[in-house]
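Topology and contacts: notes
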Amino acid sequence: MKIHPTALLDPDAQIGADVEIGPFSVIGPQTVIGNNTVVQSHVVIEANVAIGTGNFIGHGAIIGAPPQDLSFSPERKTKVAIGNDNVIREYCTIHRGSPEGSATKIGDKNFLMAGAHVGHNCAIGNNVIIANNCLLAGNVRVDDGAFLGGGSTFHQHMHVGRLVMVQGSSAFGKDLPPFVVAAERNSVCGVNVVGLRRAGFSAQDRDELKAAFKLLYLSGLNISQALDKAAATEFGAAAREFFDFVANAKKRGICPYRSGVPGV
């Protein structure tokens, strides 16, 4: 371990092998920091935070602070759980869960750029990129491989599907189906073809997802009719994932299609 003499560590904190903790950082009680993790200067990690191995936490980040929820009671036992090989850059804030016994969860190999905020009870998958100054309200779920452009905002209780690409400075309050490009305010504008290709999706899968997108958004059918037609059509696993997401969208529904979005 390499712990700067000005850092403050609670005696109950569990610090793994080859961990670096920088100047003036504060590590709270019941905190676990896994092997080969770097915590830079002026980082605050409050109580009941579990951080896996190989993570990087930048200057001034705050992890495990109480949720910004008026119903929250300080005596509640809630947590933050972070996996392995994440990069959490300067001044990110990650709040712990709000309901008793709950947790805010971040998976593996994610990249949170400077100033990103992850609210209470969010669930971030793996290989997600959250660019600078993104704001995620409470209970936002972001699935694997999504890219959230800088300065974008996400309403509480919404769901961002797998491999979604979000344009910077956008805002969303409805669910974003997997594999789409999203922009501006609650708008979907196409299929994330480049992301699919980079993720190793076959040409057939990409073509089926384009067909699925057209059926849902461009056929003139309402969502219920499109789902019925999709159920009677032979689609592969990726297109089925797309339609299953739509069928299980939350009360506010999915973001609608908008053509001609500038910069997309």
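Throughout what follows, the structure given in this document is the object of discussion.

Parameters at a glance
Residues numbered from 1 in each chain as written. Predicted model: local features only at pLDDT ≥ 70, side-chain atom pairs only at ≥ 80, totals over all residues. Heavy atoms only, no water. Helix = DSSP H or I, 4+ residues; strand = E, 2+ residues; numbered from the N terminus. Rg over C-alpha atoms; globule rule 2.2 N^0.38 Å. Buried < 20%, exposed > 50% of the residue type's maximum accessible area, 1.4 Å probe, protein only. Contact = heavy atoms within 4.5 Å. Areas by Shrake-Rupley, 256 points an atom, 1.4 Å probe, with all protein chains shown as cover. Lys, Arg positive; Asp, Glu negative; His and termini not counted. Charge placed at Lys NZ, Arg CZ, Asp CG, Glu CD. Patch = residues over 30% accessible without salt bridge, like charges linked within 9 Å, V, L, I, M, F, W, Y side chains within 5 Å. Salt bridge = Lys/Arg side-chain N within 4 Å of Asp/Glu carboxyl O. Pairing = 2+ DSSP bridges. Core = buried A, V, L, I, M, F, W, Y, C linked by side-chain atoms within 4.5 Å. Phe/Tyr/Trp six-rings, centres within 6.5 Å; stacked < 30°, edge-to-face > 60°. Disulfide = S-S within 2.5 Å. Expected span 1.5 Å × (residues − 1). Axes fitted to C-alpha atoms, helices over the stretch in contact; angles between N-to-C directions. Parallel < 35°, antiparallel > 145°, perpendicular 65-115°, else oblique. Left-handed = near helix turned anticlockwise from the far one by under 90°. Nonpolar A, V, L, I, M, F, W, Y, C, P; charged D, E, K, R; others polar.

1. Quick notes on the overall build of the chain
In terms of helices and strands, the chain carries four helices and 28 strands. Computed over C-alpha atoms, the radius of gyration of the chain comes to 20 Å, within 12% of the 18 Å expected from 2.2 N^0.38 for 264 residues, which places it in the range of a compact globule. With the C-alpha coordinates aligned to their principal axes, the bounding extent of the chain is approximately 65 × 40 × 30 Å. For the chain, with 264 residues in total, the buried portion stands at 46%. A separation threshold of at least 6 residues defines the contact pool for the chain, and within that pool the share at least 24 residues apart is 31%. Here the chain has roughly 12100 Å² of accessible surface; of this, 52% comes from carbon and sulfur atoms. The centroid of the 23 positive side-chain charges in the chain is displaced by 7 Å from the centroid of its 22 negative side-chain charges.

2. Observations regarding a nonpolar patch on the surface
There is a patch of nonpolar side chains on the surface, built from M1, I3 and L9 and spanning about 260 Å² of accessible area. Secondary-structure assignment places M1 in the segment before β1 (2-3). Take M1: its relative accessible area is 60%, and that puts it in the exposed class.

3. Re the sheet that holds strand β11 (residues 62-65)
The parallel open sheet is built from nine strands, whose spatial order is β2-β5-β8-β11-β14-β17-β20-β23-β26. A strand with exactly one partner marks an edge of an open sheet, and here the two such strands are β2 (8-9) and β26 (171-172). Sheet analysis places strand β23 (residues 153-154) next to β26, joined by two bridges and oriented parallel. Among the inter-strand pairings, T153 is bridged to a residue of β26, identified as A171.

4. Observations concerning the nonpolar core
A general feature of soluble globular proteins is that nonpolar side chains tend to end up buried together. Core analysis: the largest hydrophobic core is formed by 64 residues, its most contacted members being I45, L136 and L176. Those elements that provide at least two residues to this core are β9 (49-51), β12 (79-82), β27 (180-183), β28 (187-191), α2 (203-218), α3 (223-231) and α4 (237-247). Here this core gets six residues from one element, more than from any other, and that element is α2. With near-sequence residues (within four places) excluded, L136 lies in contact with H117, V118, G119, C122, I124, I130, V142, L148 and F154.

5. A word on the packing of aromatic side chains
Ring pairs (aromatic) are described by centroid distance and by the angle formed between their planes. The full count for this structure, using the stated rule, is seven aromatic pairs. When the centroid spacing of 5.9 Å and the interplanar angle of 75° are considered together, the rings of F213 and Y257 count as edge-to-face. Of this pair, F213 sits in helix α2 while Y257 is found in the segment after α4, placing the two residues 44 residues apart along the sequence. With relative accessibility at 32%, the residue Y257 sits in the partly exposed group. Relative to F243, the ring of F242 has its centre 5.3 Å away and its plane inclined at 75°; by these criteria the two rings are edge-to-face.

6. Observations concerning the state of the cysteines
Each disulfide consists of one covalent bond between the sulfur atoms belonging to two cysteines. Taken as a whole and assessed by the stated rule, the structure comprises zero disulfides. Free cysteine C189: the closest other cysteine sulfur is in C255, separated by 11 Å. The exposure class assigned to C189 is buried, which follows from its relative accessible area of 17%.

7. Some remarks on α2
Here α2 spans 21 Å end to end across 16 residues, near enough to the 22 Å set by a 1.5 Å rise per residue. Buried residues of α2: R206, E208, L209, A212, F213, L215, L216 and Y217, and no others. Where α2 is buried, its residues meet β27, β28, α1 (193-198), α3 and α4.

8. Some words on the sheet that holds β1
If you trace the 11 strands from one edge of the open sheet to the other, you get β1-β4-β7-β10-β13-β16-β19-β22-β25-β27-β28, paired in mixed fashion. Every interior strand has two partners, whereas the edge strands, β1 and β28, have only one. In this structure, strand β7 (residues 38-39) lies alongside strand β10 (residues 56-57), joined through two bridges in parallel fashion. Of the residues in β10, the one forming a bridge with V38 is F56. Here α2 sits on the sheet in contact with β27 and β28, set at roughly 145° to β28.

9. Brief notes about the packing of α2 against α4
Helix-helix packing: each pair is described by the crossing angle between the helix axes and the interaxial distance. Closest axis-to-axis distance for the α2/α4 pair is 8 Å, and the angle between their directions is 30°. It follows that α2 is roughly parallel to α4 by the angle criterion. For α2 against α4, the interelement crossing comes out right-handed. Within the contact between the two elements, α2 uses D205, E208, L209, A212, F213, L215, L216 and Y217 and α4 uses A238, A239, F242, F243 and V246. Looking at side-chain class alone, the contact of α2 with α4 contains 11 nonpolar, no polar and two charged residues.

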